[in-house]
Amino acid sequence: MTIALKSDKEIEILREGGRRHAAILKALADMVEPGLSTLTLEEEARRLIREEGDKPAHLGYTPYGASRPFPAALCVSVNDEIVHGIPNEVPKVLKQGDVVKIDLSLIHKGMFTDSAITVGVGALDDEAQQLLEVTKAALVAGIAAALPGGKIGDIGAAISAVVEPSGFSLAKDLVGHGVGYKIHEDPYVPNVGKKGTGEELVPGLVIAIEPMVNTGKPGWKTLPDGYTISTKDGSRSAHFEHTVAITEKGNIILTSND
Ligand code: MG
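Small disclaimer: the values here were computed from a predicted structure and weren't measured.

(A) Looking closely at the overall build of the chain. Along the backbone of the chain there are four helices and 15 strands. Against the 2.2 N^0.38 benchmark of 18 Å for 258 residues, the chain shows a C-alpha radius of gyration of 17 Å, consistent with a compact globule. Principal-axis analysis of the C-alpha atoms places the extent of the chain at approximately 45 × 45 × 35 Å. Here the chain holds 258 residues, and the buried ones make up 53% of them. When contacts within the chain are restricted to residue pairs at least 6 apart in sequence, those whose partners lie at least 24 apart make up 70%. Surface accessibility of the chain: about 11300 Å² in total, with carbon and sulfur atoms responsible for 54%.

(B) Representation of the packing of aromatic side chains within the structure. This structure, assessed with the given rule, holds one aromatic pair. When the ring centre of Tyr181 is taken as reference, the NZ or CZ atom of Lys6 above it lies at 4.5 Å.

(C) Structural context of helix H4 (residues 152-163). The terminal C-alpha atoms of H4 lie 18 Å apart, and with 12 residues this matches the ideal 16 Å at 1.5 Å per residue to within 8%. Buried within H4 are the following residues: Ile152, Gly153, Asp154, Ile155, Gly156, Ala157, Ala158, Ile159, Ser160 and Val163. In this structure, the buried residues of H4 make contact with helix H3 (126-144), strand S6 (169-170), strand S8 (185-189), strand S9 (206-209) and strand S10 (212-214).

(D) Representation of the side chain of Glu185 within the structure. When you line up the elements, Glu185 lands in strand S8. When its relative accessible area of 10% is taken as the criterion, Glu185 is described as buried. Within polar-contact distance, the side chain of Glu185 engages the backbone nitrogen of Lys182 at 2.9 Å. Those residues in contact with Glu185 that sit more than four places away from it in its chain are Ala4, Lys6, His177, Gly178, Val179 and Gly180.

(E) Seen up close, the coordination of the magnesium ion. Here the magnesium ion is held by the protein donor atoms Asp114 (OD), His177 (NE2), Glu210 (OE) and Glu241 (OE), which lie 2.1 to 2.4 Å from it. Mapped onto the sequence, the donors of the magnesium ion take the spacing D-x62-H-x32-E-x30-E. Here Glu241 lies in the loop between strand S13 (237-239) and strand S14 (242-246) and Asp114 lies in strand S5 (residues 111-120), a separation of 127 residues in the sequence. Taken as a pair, Asp114 and Glu241 share a single burial class, namely buried.

Conventions used here
- For every chain, the first residue of the written sequence is number 1, and numbering continues from 1 along that sequence.
- Per-residue local features of the predicted model are confined to residues with pLDDT of at least 70, and side-chain atom pairs are confined, for both listing and counting, to 80 or more; whole-chain, interface and lining totals are unaffected and use all residues.
- As a rule here, side-chain values cover all heavy atoms of the structure and leave hydrogens and water aside.
- In this text, helices come from DSSP runs of H or I with a minimum length of four residues, and strands from runs of E with a minimum of two, each type numbered from the N-terminal end.
- A radius of gyration in this sense is built from C-alpha atoms; the matching globule rule multiplies 2.2 Å by the number of residues raised to 0.38.
- Per-residue accessibility, obtained with a 1.4 Å probe over protein chains only, is compared with the maximum for each type, and a residue is labelled buried under 20%, exposed over 50%, and partly exposed between these values.
- In what follows, a contact means two residues having at least one pair of non-hydrogen atoms within 4.5 Å.
- For accessible areas, the Shrake-Rupley method is used with a probe of radius 1.4 Å. Any residue's cover is judged against the shown protein chains and nothing else.
- Pairing of aromatic side chains requires ring centres within 6.5 Å, counting the rings of Phe and Tyr and the six-membered ring of Trp. Pairs whose planes differ by under 30 degrees are stacked, by over 60 edge-to-face, and all others tilted.
- We call a charge positioned over a ring when the NZ of a Lys or the CZ of an Arg lies within 6 Å of the ring centre and within 35 degrees of the ring normal.
- Given a helix with a known number of residues, its expected span is that number minus one, times 1.5 Å.
- A 3.5 Å cut-off defines polar contacts: any pair of N or O atoms within that distance qualifies, except that in protein one atom must be a possible hydrogen donor and the other a possible acceptor, and neighbouring residues in sequence count only when both atoms are side-chain atoms.
- Coordination partners: N, O, S within 2.8 Å of the metal, 3.2 Å for Na, K and Ca; water not considered, so apparent gaps in a site are possible.

Structure below.
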């Protein structure tokens, strides 16, 4: 394992990229309504990224073990799709009550940020609304536990402590990761863990924290397109993700405009 710590100057670049990243996700979320095609989200994402002079990291990226490069700038995953849905191959038309995950990795001045949101199409039913609340609360708890002097396991312990009592489940073995110079770097950031175990959280560490929560069981499968991961039992899933820098004093949520 090689953990590449980032300098203050690099974290500043990531912060600027993260602000742009948050603005793009917000603009895309605001477009979501019944009748919208996921292809329109993809096209608008490319336009917004280009307009700022930045680049989408997923487009053309071939993860380890994949047989072809990812064909889109965005991952858009609907309802039982957990992550890595492809919006421009077989575009979907969104309908009232759908649970839509929009995941973007952005390259600004050569530095990578990763962030995802889940948006309801129109009004959601009670279960879906609760799913979004629990998943968001799990991310907030995970970030609050990502402190200098702590361990990676503190983050997973905090996330699972929020998800477990809800009766929902964390998608099995899907994890967060280091980020900054590349989309995926060491260390892994699991959504389950034991407090006080794992790699140390040190200033300069930049990680993507990303709980993925299913209303049903933890199991998932990869669809024949080779990328889309959906729940095995057809239950719905939500995903929230931020890129976070560990600092001397605490942490900074890089992909936020707050
Ligand atoms: Mg990620």
